[in-house]
Amino acid sequence: MSSPTSDVLVIGGGVAGLTLALEVADHLSVTLVRPALDDQGASRWAQGGIAAVLSPDDDLDAHVRDTLIAGDGLCDEQAVRFTVTHGPDAIQWLIDNGVPFTPDPDPSARYPYHLTREGGHNARRIIHADDATGRAVVDTLYEKVTSHPNITQRSDLTILHLISDTTGRCIGAEGVDQQQHQQTLLAKHIVLATGGASGLYRHTTTPSPSSGEGMVMAAELGAKLMNLEFQQFHPTCLFDPEGPAFLISEAARGEGGHLLNEAGHRFMPDIDSRAELAPRDVVARAIDSQIQQSSQGHVWLDISHLGASAIRHHFPTILAHCASRGIDITRQPIPVVPAAHYSCGGVATDQRGATHVTNLYAVGEIAYTGLHGANRMASNSLLECLVYARSCAKHLLTQKKRAQTHPTVPKETPSDTQKAIPLPDQQWPPSTLEALATIRSELRATMSQHVSIVRSNQGLKAAQHKLNVLETQLNDILNSLDGVTDSAKKSSNNAFESTAGKRSHPESVRLQQALWLAKLTVLAALQRHESRGLHYSLDWPEHQENTAASEMSLEQLSPRTMA
């Protein structure tokens, strides 16, 4: 077992993780755990762009006001102002690092890069790289990370738990490598950048979304989880039940796209004066209502009237992808459905990214900063990643000036000379792995049916019951494996020996974490007796006065069993 020590351990390699690593690497040693699946995560698939006040015709107060309105009364205004104020500097940092944003072709433009408009914004303030902004930012930052001598990348690890010492401070993480040996990574500061929880749902806007595992790992050490009930569904994901997830950018509506129902009627002007540019929660509910009234299972997004030239210029990625699936968007409308997209809740942090656990930080979608409130406004997500990753980095650099101490010894420290006995997949009965996959599929189906765009007490309680049944099934599976590979079980260093003494597998650990987060999400939704933002309840259709952010902890699921 290896236990290397670095100054900063960053878990997750999207925009937030890459930004933080680069910002501290000139002065601190960094270990970046960036599994290959990060290339399929939310950052790379963010198409629309990054919201910031860049045009001289725009102003900070307007961006703050739009964000507060979209957040439906639950934003922390101080967090909103902090984020918006630091936005222009964050964009300039990306430009200085070579991100190829799309220039404005108009020689008389007031800002050199093209700015588009998206839902909830009352000005053009979305800077973008065509319709593949996330990919452009990730690729640019990753190239710099790869060439930085002070950043050690680990793409071979699956992190399963965080480690604390006897005083409760986070001092590292443990997981397994590709040979399924246990690995322990120690560091002076640990930063989670593992993304949100869209993977709890069947239909998502990214091919490989996380299911909130990082949130649960933080909660296991005592971090607070906030506003889990506010899961954003992007209104327009390509409808293709047989194909992979693909997001149709908000910018398609920002540039003038129309939403049409089964009869070809443009329905959004009937619902909201902002029409297709209403906040995402409004548009998603409207689409969901139209789908419930139709037989086709989707609505249409039509941008053909923009003209082929404009479509090729603004949406080359969407044009090419839809063409690969038999849709010519210059002539045909795009079939779209809402899909799980972004977690507005997460691990509670301050403006430095610090959690309630000493030495543990969280940045990006995993974090609850107070910026989004009950609904995230379009293109504020990458902005949050950049601003809080840079703020966290600045804080960590100030810590370097203090007297450095080595991490305190963990509660249980395995000998570095002992090796974990591997338990490869082939030592698990195929039927067991299939059973785990079935439980995860049923988890996603349950959340999609009962805990999505429109909710009811009856549906939430049905979800609560089903999730308890699934957790029992998981525990039964693990109990049945106690007799398997007895020789491996005798080793206290076995990577698949859980703290409760049961046989486990990386997928069973992550599945248990997903089940816990799903149960906490349902509990938070049941406790919110109102409709607000992304949480719309048939039983509580009105706003409540004096509403507040919700707070969840794993203790609320007690008694619980580690998988």
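Anyway, here's the lowdown on the structure attached to this text. Keep in mind the model is a prediction, meaning the values are calculated, not measured.

Focus on the overall build of the protein
Turning to step 1, where the next piece is worked out: Helix and strand content of the protein: 15 helices and 18 strands.
Turning to step 2, where the next piece is worked out: Every one of the 563 residues in the protein was classed for burial, and the buried ones make up 59%.
Turning to step 3, where the next piece is worked out: When contacts within the protein are restricted to residue pairs at least 6 apart in sequence, long-range pairs at least 24 apart make up 73% of them.
Turning to step 4, where the next piece is worked out: Carbon and sulfur atoms make up 48% of the accessible area of the protein, which totals about 21800 Å².

Some words on the packing of aromatic side chains
Turning to step 1, where the next piece is worked out: This model, assessed by the stated rule, comprises four aromatic pairs.
Turning to step 2, where the next piece is worked out: Residues Phe82 and Tyr388 carry aromatic rings whose centres are separated by 5.5 Å and whose planes lie at 55° to one another, so their mutual orientation is tilted. One end of the pair, Phe82, is in helix α3 (residues 77-96); the other, Tyr388, is in helix α11 (residues 381-400), with 306 residues separating them in the sequence. Across the pair, Tyr388 and Phe82 agree in class, each one buried.
Turning to step 3, where the next piece is worked out: Plain terms: the ring middles of Phe101 and Tyr113 are 6.2 Å apart, the flat faces sit at 75° to each other, and that makes the pair edge-to-face.

Here we look at the packing of helix α12 (residues 430-450) against helix α13 (residues 457-480)
Turning to step 1, where the next piece is worked out: Here α12 crosses α13 at 170°, and the two axes come no closer than 10 Å. On the basis of their axis angle, the class for α12 and α13 is roughly antiparallel. Every residue of α13 that contacts α12 at Thr432, Ala435, Leu436, Ile439, Glu442, Leu443, Thr446, Met447 and His450 is listed here: Gly459, Leu460, Ala462, Ala463, Lys466, Leu467, Leu470, Gln473, Leu474 and Ile477.
Turning to step 2, where the next piece is worked out: Residues belonging to the contact of α12 with α13 are distributed by class as follows: 12 nonpolar, five polar and two charged.

Comments concerning the environment of Ile95
Turning to step 1, where the next piece is worked out: Within the secondary structure, Ile95 sits in helix α3.
Turning to step 2, where the next piece is worked out: Separated by 42 residues in sequence, Ile95 and Val137 have C-alpha atoms that sit 9.8 Å apart.
Turning to step 3, where the next piece is worked out: Excluding residues within four positions of it along the chain, Ile95 makes contact with Phe101, Tyr111 and Tyr113.

Some remarks on the environment of Ile159
Turning to step 1, where the next piece is worked out: Looking at where Ile159 falls in the secondary structure, it is placed in strand β7 (residues 158-164).
Turning to step 2, where the next piece is worked out: Overall, Ile159 belongs to the buried group, its relative accessible area being 7%.
Turning to step 3, where the next piece is worked out: Taking the C-alpha atoms as reference, Ile159 lies 8.3 Å from Val33; in sequence the two are 126 residues apart.
Turning to step 4, where the next piece is worked out: Filtering out sequence-adjacent residues up to four positions away, Ile159 remains in contact with Ile11, Val33, Ala173, Glu174, Gly175, Met217 and Arg510.

Topic: the side chain of Thr83
Turning to step 1, where the next piece is worked out: Mapped onto the secondary structure, Thr83 falls in helix α3.
Turning to step 2, where the next piece is worked out: Given a relative accessible area of 0%, Thr83 falls into the buried group.
Turning to step 3, where the next piece is worked out: Within polar-contact distance, the side chain of Thr83 engages the backbone oxygen of Ala79 at 2.7 Å.

A look at the pairing of strand β2 (residues 30-33)
Looking along a regular strand, one sees the side chains alternate between the two faces of the sheet.
Turning to step 1, where the next piece is worked out: Here β2 shows a buried face lined by Val30 and Leu32 and a second buried face lined by Thr31 and Val33.
Turning to step 2, where the next piece is worked out: Where strand β1 (residues 5-11) lies against β2, four bridges are found, and the strand directions are parallel. Within β2, the residue paired with Val10 across the bridge is Leu32.
Turning to step 3, where the next piece is worked out: Regarding the hand of the β-α-β motif, the stretch spanning β1, helix α1 (residues 15-24) and β2 is right-handed.
Turning to step 4, where the next piece is worked out: Note: β2 against strand β6 (residues 151-154), four bridges, orientation parallel. Bridge pairing links Val33 to Arg154 in β6.

Digging into the sheet that holds strand β18 (residues 551-552)
Turning to step 1, where the next piece is worked out: On the basis of which strands lie adjacent, the open sheet formed by four strands has the order β17-β15-β10-β18 and mixed pairing. A strand with exactly one partner marks an edge of an open sheet, and here the two such strands are β17 (367-368) and β18.
Turning to step 2, where the next piece is worked out: With two bridges connecting them, strand β10 (residues 225-226) and strand β15 (residues 346-348) associate as antiparallel partners. Looking at the pairing, Leu225 lines up with Val347 of β15.

Brief notes about the nonpolar core
Turning to step 1, where the next piece is worked out: Judged by nonpolar contacts, the single largest core of 63 residues is most densely connected at Leu162, Leu200, Leu225, Leu443 and Met447.
Turning to step 2, where the next piece is worked out: The element best represented in this core is helix α15 (residues 506-527), accounting for 12 residues.
Turning to step 3, where the next piece is worked out: Filtering out sequence-adjacent residues up to four positions away, Met447 remains in contact with Leu200, Tyr201, Ser452, Leu467, Ala518, Thr521 and Val522.
Turning to step 4, where the next piece is worked out: Judged by nonpolar contacts, the second largest core, of 48 residues, contains Ala90, Leu115, Tyr361 and Leu396.

Some points on empty space enclosed by the protein
Turning to step 1, where the next piece is worked out: By the definition in use, this model includes four cavities of 30 Å³ or more.
Turning to step 2, where the next piece is worked out: Considered as a void within the structure, the largest cavity measures approximately 70 Å³ in volume.
Turning to step 3, where the next piece is worked out: Its residues placed into classes, the lining of the largest cavity shows eight nonpolar, five polar and no charged.

About the cut-offs
- Residues numbered from 1 in each chain as written.
- Predicted model: local features only at pLDDT ≥ 70, side-chain atom pairs only at ≥ 80, totals over all residues.
- Heavy atoms only, no water.
- Helix = DSSP H or I, 4+ residues; strand = E, 2+ residues; numbered from the N terminus.
- Buried < 20%, exposed > 50% of the residue type's maximum accessible area, 1.4 Å probe, protein only.
- Contact = heavy atoms within 4.5 Å.
- Areas by Shrake-Rupley, 256 points an atom, 1.4 Å probe, with all protein chains shown as cover.
- Phe/Tyr/Trp six-rings, centres within 6.5 Å; stacked < 30°, edge-to-face > 60°.
- Axes fitted to C-alpha atoms, helices over the stretch in contact; angles between N-to-C directions.
- Parallel < 35°, antiparallel > 145°, perpendicular 65-115°, else oblique.
- Nonpolar A, V, L, I, M, F, W, Y, C, P; charged D, E, K, R; others polar.
- Polar contact = N/O pair within 3.5 Å; in protein donor to acceptor, adjacent residues only side chain to side chain.
- Pairing = 2+ DSSP bridges.
- Right-handed = clockwise from strand over helix to strand, strands pointing away.
- Core = buried A, V, L, I, M, F, W, Y, C linked by side-chain atoms within 4.5 Å.
- 1 Å grid on protein atoms, 1.4 Å probe; cavity = no way out; pocket = protein on both sides within 12 Å on 5 of 7 lines; lining within 4 Å.
- Points joined across faces, edges and corners; volume = space filled by probe spheres on them.

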